[in-house]
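# Notes for the structure review
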Amino acid sequence: GENVEQHPSTLSVQEGDSAVIKCTYSDSASNYFPWYKQELGKGPQLIIDIRSNVGEKKDQRIAVTLNKTAKHFSLHITETQPEDSAVYFCAATSPMNRDDKIIFGKGTRLHILP
Amino acid sequence: DSGVTQTPKHLITATGQRVTLRCSPRSGDLSVYWYQQSLDQGLQFLIQYYNGEERAKGNILERFSAQQFPDLHSELNLSSLELGDSALYFCASSVESLTYEQYFGPGTRLTVT
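Below or above, wherever it landed, is the structure these notes cover. Keep in mind that this is a model prediction, so the values were computed, not measured.

What follows concerns the state of the cysteines. All names here are of chain B. This model, assessed by the stated rule, comprises two disulfides over all chains. Paired by a disulfide, Cys 23 and Cys 91 hold their sulfur atoms 1.8 Å apart. Residues Cys 23 and Cys 91 share a disulfide whose torsion about the S-S bond is about -50°; that sign makes it left-handed. Note that Cys 23 is positioned in strand β3 (residues 19-24) and Cys 91 in strand β9 (residues 87-94), a separation of 68 residues in sequence. Each member of the pair, Cys 23 as well as Cys 91, is classed as buried.

Structure below.
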């Protein structure tokens, strides 16, 4: 079945620097790759997503890149700010006939240092 | 506020008991998903319902079951509870399938003692 590996599990960056989180997936049929941010005591919230027909997507300070050949995708946060501190999850969906399954990575705890 | 509501916020119960978690999706969303989040297992997809019917199954135990009612709210039933079932349970909703943005509720924290 599908497997999603996420690295690193913890990341500390200086405020203003960039942060990069990487994920790999195993099922080449996966076609949708969302990234979720989870703040303490809250449910995950979608911050950006990318579909398999696109290689890169950007939204202000956040960007996601997808390499279908290598089966990996990455989240890039530039000019990090204190409010970026949270746990970030990548995910991949594997459509199987009409049944979609979604697999999440184990998460990256991002600390923005003052 | 995502527009998804979950009740109760916290639940403490004993091993062997049965509990029901409730979720109301965002207005207009037809799909409801249930997830289990524990420290060592991350976010695990349990099950999806679409417009009242089961659409996809993930790592849901046989002791767990769910349903979606005609008004689109959903309930997750957990029975014969074990200590290892202690976790955060999230409900999410989306317009249609898993390839659309999901909106997560605030979660129900279940503690089994």
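Don't stop here, the text continues.
With that out of the way, let us pick up the nonpolar core. All names here are of chain A. Formed by 24 residues in total, the largest nonpolar core has its most connected members in Trp 35, Phe 73, Leu 75, Tyr 88 and Leu 110. Broken down by secondary-structure element, the contributors of at least two residues to this core are β2 (10-14), β3 (19-25), β4 (32-38), β5 (45-51), β7 (62-67), β8 (72-77), β9 (86-96) and β11 (108-113). Not counting the four nearest positions on each side in its chain, Phe 73 is found in contact with Ile 21, Lys 22, Cys 23, Tyr 25, Phe 33, Trp 35, Thr 65, Leu 66, Cys 90 and Ala 91.

Once that is clear, we can look at the sheet that holds strand β1 (residues 4-7) of chain A. Two modes of strand pairing occur in sheets, parallel and antiparallel, and in both the strands are linked by backbone hydrogen bonds. All names here are of chain A. Ordered in space as β1-β3-β8-β7-β6, the five strands form an open sheet in which the pairing is antiparallel. Unpaired on one side and paired on the other, β1 and β6 (56-59) mark the two borders of the sheet. Averaged over all adjacent pairs, the angle separating strand axes in this sheet is 15°, with direction ignored. As paired strands, β1 and β3 are joined by four bridges and run antiparallel to one another. Along β3, the bridge assignment pairs Gln 6 with Cys 23.

This model, assessed by the stated rule, comprises twelve aromatic pairs over all chains. Relative to A:Phe73, the ring of A:Trp35 lies with its centre 5.6 Å away and its plane at 65°, an arrangement referred to as edge-to-face. Of this pair, A:Trp35 sits in strand β4 while A:Phe73 sits in strand β8, and the two are 38 residues apart along the sequence. Between B:Phe90 and B:Phe104 the ring centres are 6.2 Å apart and the planes differ by 80°, which places this aromatic pair in the edge-to-face class. Taken together, the residues span a long stretch of sequence, with B:Phe90 in strand β9 and B:Phe104 in strand β10 (residues 103-104) at a distance of 14 residues.

A few words on the sheet that holds strand β8 (residues 74-78) of chain B. All names here are of chain B. Taking strand neighbours across the sheet as the criterion, the four strands line up as β1-β3-β8-β7 in an open arrangement whose pairing is antiparallel. In the strand order of this sheet, the two ends are held by β1 (5-7) and β7 (64-68), each with one partner. When the angles between neighbouring strand axes are averaged without regard to direction, this sheet yields 15°. By the bridge criterion, five bridges tie β7 to β8 in an arrangement that is antiparallel. Residue pairing in the sheet places Gln 67 in a bridge with Glu 75 of β8.

Conventions adopted
Residues numbered from 1 in each chain as written. Chains lettered and ligands numbered in written order. Predicted model: local features only at pLDDT ≥ 70, side-chain atom pairs only at ≥ 80, totals over all residues. Heavy atoms only, no water. Disulfide = S-S within 2.5 Å. Helix = DSSP H or I, 4+ residues; strand = E, 2+ residues; numbered from the N terminus. Buried < 20%, exposed > 50% of the residue type's maximum accessible area, 1.4 Å probe, protein only. Core = buried A, V, L, I, M, F, W, Y, C linked by side-chain atoms within 4.5 Å. Contact = heavy atoms within 4.5 Å. Pairing = 2+ DSSP bridges. Axes fitted to C-alpha atoms, helices over the stretch in contact; angles between N-to-C directions. Phe/Tyr/Trp six-rings, centres within 6.5 Å; stacked < 30°, edge-to-face > 60°.

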